[in-house]
Amino acid sequence: MKITFLGTAAIGYPLTFCNCTNCQLAREKKGKSIRKRASILINDDLIIDLGPDTQTAMTMYDKDMGKIKYLLQTHIHADHFDAGLLTTRIPYMAIQNHPLLEIYAHPECLKIMSDRVNHYENADLISDEGSSKLNVKSKSVNAGDSFQVGHYKVKAIDCVHDTKHGSLLYVISENDKNVFYATDTPALTEKALEELKDYHLDLVIMDHSFGKVDYSFSHLNEKLFIEQLEKMRSLGIIDDKTLIYGTHISHDGLSYHELIEEEAVSHGYHMAYDGLEIDL
Ligand SMILES: [Zn+2]
Ligand SMILES: [Zn+2]
Ligand SMILES: [Zn+2]
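Residues numbered from 1 in each chain as written. Chains lettered and ligands numbered in written order. Predicted model: local features only at pLDDT ≥ 70, side-chain atom pairs only at ≥ 80, totals over all residues.

Explain the overall build of the protein here, please?
Assigned secondary structure in the protein consists of eight helices and 14 strands. In terms of C-alpha radius of gyration, the protein reaches 18 Å, essentially the compact-globule figure of 19 Å for 280 residues. Taking the principal axes of the C-alpha coordinates as reference, the protein spans close to 55 × 45 × 35 Å. Buried positions account for 46% of the 280 residues belonging to the protein. Nonlocal contacts in the protein, meaning residues at least 24 apart in sequence, comprise 67% of its contacts between residues at least 6 apart. (Helix = DSSP H or I, 4+ residues; strand = E, 2+ residues; numbered from the N terminus. Rg over C-alpha atoms; globule rule 2.2 N^0.38 Å. Buried ≥ 20, exposed ≤ 12 C-beta atoms within 10 Å, placed from the backbone. Contact = placed C-beta atoms within 7 Å.)

See the structure below:
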């Protein structure tokens, strides 16, 4: 299984309009310190989160949006979902030779995604008529559900990042390898740990929005990130063989890439960067 990080930022790094020291340093250093909004590609056909930078990232990393068959959407926040990308599937845009796109999301999230696309192009993601126009097939999934996505096995994991509009984390499995994509999220719930407990994870990609700043709701800072690893380790969900990467990086307490990578390595994990590819 090949994982490509299309974006590793929370909202964007440097943050729009921000002139803090971290944003200024990122603008000077460029390279791995410039981050697009968070999204990953698995092999060449499964994408997690269709965000505002996804199309740009796919082109930058020589990937082909025309090969995408599966979308797992974590939640509806603007840094993770751009309805404009799905509206390009409408026939009058002259789209050609594209495979059916299967979309999976929490029921509330799927409804909002569908309403947004419908608002622009009068074609929704749920009805037979809208789905056929857009060549999509949508399925709502709930925490704890295990389901087949093409040849991948996927499990939706409980998440309380956006309880109003629905949010999910996902474990994706292929050829006995298990990847846990866990952003955006605050501390993992008991339910999430229960849902994870039968897995041995080969790769964990988890919310590390903040550094050494005081934070305890809707995202993880460094302290909370390490605490979640300890919980998963004590349950045997991860071990020394598990690769661990922080993502969804914000300017709040997290500086340029090389510095935060050094700090992460001292705690036994890594910080992801845009364009990073991992082969499992
Ligand atoms: Zn986010
Ligand atoms: Zn800043
Ligand atoms: Zn969010």
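Would you take a moment to explain helix 7 (residues 222-234) for this structure?
For an α-helix, 3.6 residues make a turn, and residues three or four places apart therefore share a direction. Helix length check: helix 7 (13 residues) gives 19 Å between terminal C-alpha atoms against 18 Å at 1.5 Å per residue, within 8%. Taken together, the buried positions of helix 7 are E222, L224, F225, Q228 and M232. Taken together, the buried residues of helix 7 touch helix 6 (190-196), strand 11 (203-207) and strand 12 (243-247). G236 sits one or two positions beyond helix 7 and adopts a positive phi of about 75°. (Expected span 1.5 Å × (residues − 1).)

Teacher, can you tell me more about the pairing of strand 7 (residues 146-149) here?
The two faces of the sheet receive side chains in turn, since in a regular strand these alternate between them. The pairing of strand 7 with strand 8 (residues 152-157) spans four bridges and is antiparallel. Its bridge partner lying in strand 8, Q148 is registered against K153. Counting the residues that bridge the hairpin from strand 7 to strand 8 gives two residues, and of these G150 lies at a positive phi of roughly 60°. (Pairing = 2+ DSSP bridges.)

Explain the sheet that holds strand 5 (residues 101-105) here, please?
Strands belonging to one sheet form pairs held by backbone hydrogen bonds; the direction of such a pair is parallel or antiparallel. Read from one edge of the open sheet, seven strands run 6-5-4-3-2-1-14, paired in mixed fashion. The open sheet terminates on both sides in strands that have one partner only, identified here as strand 6 (136-140) and strand 14 (277-279). Adjacent strand axes in the sheet meet at a mean angle of 20°, parallel and antiparallel pairs treated alike. As judged from the three bridges shared by strand 3 (residues 46-48) and strand 4 (residues 70-72), these two strands associate in the parallel manner. Counted as the bridge partner of I47 is L71 from strand 4. (Axes fitted to C-alpha atoms, helices over the stretch in contact; angles between N-to-C directions.)

Is there a simple way to explain the environment of Y256 in this structure?
When you line up the elements, Y256 lands in the loop between strand 12 and helix 8 (257-266). When the C-alpha atoms of Y256 and G31 are compared, they prove to be 9.5 Å apart, with 225 residues separating the residues in sequence. When sequence neighbours within four positions are dropped, the list of residues in contact with Y256 reads L25, A26, K29 and S33.

When you look at the sheet that holds strand 9 (residues 169-174) in this model, what are you seeing that I'm missing?
Overall, mixed pairing links the seven strands, which are arranged 7-8-9-10-11-12-13 in an open sheet. Both edges of this open sheet fall to strand 7 and strand 13 (270-271), since each of them pairs with a single strand only. Bridge analysis of strand 12 against strand 13 gives two bridges, and the strand direction is parallel. Bridge pairing in strand 13 places G246 opposite M271.

How should I be thinking about the nonpolar core in this particular structure?
Grouped burial of nonpolar side chains is what soluble globular proteins tend to show. Judged by nonpolar contacts, the single largest core of 79 residues is most densely connected at I40, L71, M113, I157, Y170, Y181 and I205. Those residues in contact with I40 that sit more than four places away from it in its chain are I3, T4, F5, L6, I48, Y181 and I205. (Core = buried A, V, L, I, M, F, W, Y, C linked by C-beta atoms within 7 Å.)

Before we go on, may I ask you to explain the pairing of strand 9 in this structure?
Alignment of strand 8 against strand 9, held across five bridges, turns out to be antiparallel. In the sheet register, K153 faces strand 9, and the bridge partner there is S173. Pairing geometry for strand 9 and strand 10 (residues 177-182), over five bridges, is antiparallel. When the sheet's bridge partners are listed, Y170 is paired in strand 10 with Y181.

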